[in-house]
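Chain and residue survey
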Amino acid sequence: MYTKAQELYKKWGIDTEAAIKKCAEIPVSLHCWQGDDVTGFEQNAGGASGGIQTTGNYPGKARNKDELLRDLDFTFSLIPGKKRINLHAIYAISDSPVKRDEPECKHFDPWLAWAKERNMGIDFNPTLFSHPMAASGLTLSSPDKTIRDFWIRHVKACRKIAAYIGEKQNSPCLHNIWIPDGLKDVPADRLGPRQRLKESLDDIFTVKYDRNHIVDAVESKVFGIGLESYTVGSADFYLTYAAKAGISVLLDNGHYHPTELVSDKIPSLLLFFDKIALHVTRGVRWDSDHVVLFEDEIKEIAKEIIRNNAPDRVLIGLDYFDASINRIAAWVTGARNMQKALLNALLLPHGDLQKLQDTESFSKLLVCQEELKTLPFGAVWDEYLKRQKIAGGDWYTAVAQYEEDVLKLRK
Ligand code: RNT
Ligand code: ZN
């Protein structure tokens, strides 16, 4: 089937071998938090708050570090291509409790060792939610200076850790700031919180690090659960802030109005930013964090990365959390689908299609785009998995077995 597929693609001028090779080299950062419903390793950890929520109570959630690491290893064994691991500050590893505003580099040494053994890079996020100091829904933009200062200390400590990780691993560590800050109901002041957020960020970014070690990004949102009327860190706010501060933006495709597409934003931003970052997810009504599927918008996002020759400039990460199904199946499904979207984009004759657009051959362009959709992509995908020594379409069998042998024993 692959040989036949190779022939058919060749007729379109596409080299399936080159596509397979390239696909294996594009890193996708897997979010560690799908495995435990964004709980983390802090004592008394209670799961996510701050406008984000995992729903469902599927058995087998990782309850501690050892279980999460074991699940991650199994998960990675089912995902092709180059991987990174994306951590949150609440996944600090320590024998004694780590205060939220006092995480240290040493708490991530075990992760560095773990990732190094697996030839993987690490990305990092400060955690400005699931904590009493975030109970009001306001952190870096709080009117209370004690609260603001607490979170400024936290983010400063996290940037230090990210820069440390980046230096140790010899590859820049993405440090992405997302805060829940917002209001449930109609604000009386929209400017004040944004002004305070700006001042907090200015303070945070007075500390400079080597750009070979850290990529600083800020992530906007349109609304959070319980914080529906106003989001301090809106898209306009962060885009302008990042452009002026010379840092990057992170686009989470679940964080925009439903008809607004991140795929369309990528080329615009590539003209002005050296690097941008992504949280690939799937929005469904009010939820921005369903498992990533192999559907149109993901394919378009991948196309924009590939045809603009930007795999080094668009840092791809995943961000979703589903607790209603087997968490490993959720992890693997989304990660494989991101890989599928990349391979799919690598199997398109972008140059030829662009020529059709530029010569205004719109009928032929439309026809070609539709014909390309039914080329035997599945055969090339299967071959890619085979070369990567990763299970094919029957991978769920292994997950079901793992559920029997490991997950079901967690009561
Ligand atoms: C929340 C943001 C944020 C989080 C993670 C856990 O809406 O998407 O990125 O999901 O940091
Ligand atoms: Zn996100």
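Predicted model, so just to flag it, every value in this text is computed and none were measured.

**Digging into the pairing of strand 8 (residues 248–252)**
In terms of burial, strand 8 is largely enclosed, as 5 of its 5 residues are buried. A two-sided burial pattern is seen for strand 8, the buried positions comprising Ser248, Leu250 and Asp252 on one face and Val249 and Leu251 on the other. Here 3 bridges tie strand 6 (residues 214–219) to strand 8, and the two strands are oriented parallel to one another. Bridging across to strand 8, Ala217 finds its partner in Ser248.

**So, the packing of aromatic side chains**
For the structure shown, the criterion picks out 13 aromatic pairs. Relative to Tyr91, the ring of Phe41 has its centre 5.2 Å away and its plane inclined at 75°; by these criteria the two rings are edge-to-face. Placement of the pair is Phe41 in the loop between strand 1 (28–31) and helix 3 (65–76) and Tyr91 in the loop between strand 2 (83–88) and helix 4 (109–117), with a sequence separation of 50 residues. Ring centres of Phe150 and Trp151 lie 4.9 Å apart, and the angle between their planes is 90°; on these two criteria the pair is classed as edge-to-face. Across the pair, exposure class does not vary: Phe150 and Trp151 are buried alike. By the ring-pair criterion, three or more aromatic residues cluster together here, those being Phe41, Phe76, Tyr91, Trp111 and Trp114. If you follow Lys299 out to its NZ or CZ, it ends over the ring of Phe294, 4.5 Å from the centre.

**Looking at unusual backbone geometry**
Generally, phi is negative for residues other than glycine and the peptide bonds are trans, each holding for most cases. At Val38, a residue that is not glycine, the phi angle is positive and equals roughly 60°. When its relative accessible area of 1% is taken as the criterion, Val38 is described as buried. Its identity is not glycine, yet Asn309 carries a phi of approximately 55°, on the positive side. Among the secondary structure elements, Asn309 is positioned in the loop between helix 9 (296–307) and strand 12 (314–318).

**Things to note about the site of ligand 1**
Inspection of the region around ligand 1 gives Trp33, Ile52, His88, Trp178, Glu219, Lys221, Asp252, His255, His279, Asp319 and Phe321 as its neighbouring residues. Here Lys221 contributes a side-chain N or O atom positioned 2.7 Å from an oxygen atom of ligand 1. The contact in question runs from an oxygen atom of ligand 1 to an N or O atom on the side chain of His255, over 3.0 Å. Notes on ligand 1: free accessible area 310 Å², of which the protein chains cover 99%. Taken together, the residues of the shell around ligand 1 break down into 4 nonpolar, 3 polar and 4 charged.

So, how was this worked out
Residues numbered from 1 in each chain as written. Chains lettered and ligands numbered in written order. Predicted model: local features only at pLDDT ≥ 70, side-chain atom pairs only at ≥ 80, totals over all residues. Heavy atoms only, no water. Buried < 20%, exposed > 50% of the residue type's maximum accessible area, 1.4 Å probe, protein only. Helix = DSSP H or I, 4+ residues; strand = E, 2+ residues; numbered from the N terminus. Pairing = 2+ DSSP bridges. Phe/Tyr/Trp six-rings, centres within 6.5 Å; stacked < 30°, edge-to-face > 60°. Lys NZ or Arg CZ within 6 Å of the ring centre and 35° of its normal. Near = heavy atom within 4 Å. Polar contact = N/O pair within 3.5 Å; in protein donor to acceptor, adjacent residues only side chain to side chain. Areas by Shrake-Rupley, 256 points an atom, 1.4 Å probe, with all protein chains shown as cover. Nonpolar A, V, L, I, M, F, W, Y, C, P; charged D, E, K, R; others polar.

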